[in-house]
Amino acid sequence: MSDLVGKKAIVCGSTEGIGKATAKKLADKGASVILIARNEQKLINTLPELNKNFGQKHQYIVADFNFPYELQVRVEEFLSENENINILINNTGGPPGGSIHQAKTDEFIHAFNAHLICNHVLVKACLEGMKLSGYGRIINIISTSVKQPLPNLGVSNTVRGAVASWAKTMANELGKYGITVNNVLPGATATNRLESIINNKAQKLNISPKQATEEMLHEIPLQRFAKPEEIAAAVAFLASPDAAYINGINLPVDGGRTSCL
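Numbering of residues begins from 1 in every chain and follows the order in which that chain's sequence is written. Confidence filtering applies because this is a predicted model: local features only for residues at pLDDT of at least 70, side-chain atom pairs given and counted only at 80 or more, and all residues used for totals across whole chains, interfaces and linings. Side-chain measures here rest on the full set of heavy atoms in the structure, leaving out hydrogens and waters.

**Let's talk about the packing of helix α1 (residues 17–28) against helix α8 (residues 228–239)**
Note on geometry: axes are lines fitted to C-alpha atoms, helical ones only across the stretch in contact, with angles between N-to-C directions running from 0 to 180 degrees. Under the scheme used here, helices are H or I runs from DSSP no shorter than 4 residues and strands are E runs no shorter than 2 residues, and both carry numbers assigned from the N terminus. Look at α1 against α8: their axes get within 8 Å of each other, and the N-to-C directions meet at 50°. Judged on the interaxial angle alone, α8 and α1 are oblique. Considering the relative orientation of α1 and α8, their crossing is right-handed. The segment α1 lies against α8, with Gly17, Ile18, Ala21, Thr22, Lys25 and Leu26 engaging Pro228, Glu229, Ile231, Ala232, Ala233, Val235, Ala236 and Ala239. Residue composition of the contact of α1 with α8, grouped by class: 10 nonpolar, two polar and two charged. In what follows, roughly perpendicular refers to angles from 65 to 115 degrees, roughly parallel to angles under 35, roughly antiparallel to angles over 145, and oblique to any angle outside these ranges. A crossing counts as left-handed when the near helix is turned anticlockwise from the far one by less than a right angle, and as right-handed when that turn is clockwise. In what follows, a contact means two residues having at least one pair of non-hydrogen atoms within 4.5 Å. All residues other than Ala, Val, Leu, Ile, Met, Phe, Trp, Tyr, Cys, Pro, Asp, Glu, Lys and Arg, Gly among them, are scored as polar; the first ten of these are nonpolar and the last four charged.

**A look at the pattern of salt bridges**
What counts as a salt bridge is simple: a side-chain nitrogen of Lys or Arg found within 4 Å of a carboxyl oxygen of Asp or Glu. On inspection of all chains with the given rule, the structure shows eight salt bridges. Glu49 serves as the salt-bridge partner of Lys24, at 3.6 Å between the closest nitrogen and oxygen. Of this pair, Lys24 sits in helix α1 while Glu49 is found in the loop between α2 (40–46) and β3 (59–62), placing the two residues 25 residues apart along the sequence. Owing to a relative accessible area of 36%, Glu49 belongs among the partly exposed residues under this scheme. Note that Glu70 and Arg74 form a salt bridge whose closest N and O atoms lie 3.8 Å from each other. Highlighted residues: Glu70 and Arg74, both in helix α3 (residues 68–79), separated by four residues, approximately one helical turn. Only protein chains enter the accessibility calculation, which uses a 1.4 Å probe; a residue whose area is less than 20% of its type maximum is buried, one above 50% is exposed, and one in between is partly exposed. On the basis of relative accessible area, Glu70 is assigned to the partly exposed category, the value being 26%. Several salt bridges share partner residues, and in doing so they unite Lys20, Lys24 and Glu49 into one network.

**Structural notes on the sheet that holds strand β1 (residues 8–12)**
Two strands pair if DSSP finds at least two bridges between them. Spatially, β3-β2-β1-β4-β5-β6-β7 is the arrangement adopted by the seven strands of the open sheet, whose pairing is parallel. A strand with exactly one partner marks an edge of an open sheet, and here the two such strands are β3 and β7 (250–253). Within the sheet, the average angular offset between the axes of one strand and its neighbour, ignoring direction, is 20°. The pairing of strand β4 (residues 87–90) with strand β5 (residues 136–141) spans four bridges and is parallel.

**Some points on α1**
With 12 residues, α1 extends 17 Å between its outermost C-alpha atoms, agreeing within 8% with the 16 Å of an ideal straight helix rising 1.5 Å per residue. Gly30 occupies a position one or two residues after α1 and carries a positive phi of about 105°. Take the residue count of a helix, subtract one, and multiply by 1.5 Å to get its expected span.

**What about the environment of Thr258?**
When you line up the elements, Thr258 lands in the segment after β7. Its relative accessible area of 14% is what places Thr258 among the buried residues. Not counting residues within four places of it along the chain, the set of residues in contact with Thr258 comprises Thr144, Lys147 and Gln148. Polar contact is defined as a pair of N or O atoms within 3.5 Å, subject to the rule that within protein one atom must be able to donate a hydrogen and the other to accept it, and that residues adjacent in sequence are counted only when both atoms are side-chain atoms. A distance of 2.5 Å separates a polar atom in the side chain of Thr258 from a polar atom in the side chain of Asp254.

**A word on the packing of helix α6 (residues 192–205) against helix α7 (residues 209–218)**
In a pair of packed helices, the angle between the axes and the distance between the axes together describe the arrangement. In contact at an axis separation of 8 Å, α6 and α7 are set at 110° when each is read in the N-to-C sense. Considering the angle they form, α6 stands roughly perpendicular to α7. Every residue of α7 that contacts α6 at Leu194, Ile198, Asn199, Lys201, Ala202 and Leu205 is listed here: Pro209, Ala212, Thr213, Glu215 and Met216. Split by residue class, the contact of α6 with α7 holds seven nonpolar, two polar and two charged.

Below you can see the structure in the form of structure tokens.
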């Protein structure tokens with residue numbers, strides 16, 4: 001379905017994993033996609049993979065989410081020379097694992113900047129354009145930890161929860177403009193980050209990565225990890241006109257792993 005033809009979408013963290021799958025899915029639905037990541041060569045390599053069957057013009061912005069002010073400058077500069085953004089996909093790699101009581105203060109500050117502050121910078125930059133265009137979708141790819149904290153991810157649990165509350169507040173404020181704000185909560189997804197989580201778990205428990213993988217799969221009713229494309233499909237739906245009356249929700253895409261409703 002080409003229901004995003006004529007729409008422009010920013011997709012963060014879009015050179016690998018869920019971000020890349022989302023960029024490709026939005027392009028398949030007709031959107032012109034602006035990729036954001038810190039590695040320019042990976043951005044250049046990703047552009048040709050995006051569908052152009054609907055006459056789209058795909059572009060990219062080089063920015064490091066460790067530096068929110070740099071992100072702000074780069075995005076504002078881009079938007080001053082281009083059309084309004086209709087869809088914003090906030091997506092950033094999660095903080096390193098570890099127990100919360102052993103976390104250093106700087107770890108929280110770093111994660112808060114890379115996630116919540118950068119998300120806010122992007123919303124501020126795109127908001128007026130969404131209002132003017134009459135179409136706005138803000139979608140944050142977070143984690144199921146906003147519903148149920150995950151073991152050994154103390155900093156991540158804390159910051160993801162902050163982003164979810166920020167998004168709900170934003171949804172309440174922007175609804176009157178017809179702009180929706182929603183969160184997608186991926187479960188265990190076959191990405192490089194999952195490999196890191198499995199290896200960390202194996203090391204901590206003194207078991208093999210295979211055993212750690214089996215333990216994680218046992219917690220998932222569907223008995224498998226998600227494909228990045230499956231997360232992207234949920235994001236693309238929330239970005240579509242069909243999702244116009246869905247606002248301020250947390251949508252788990254986790255194979256049923258989260259035990260709460």
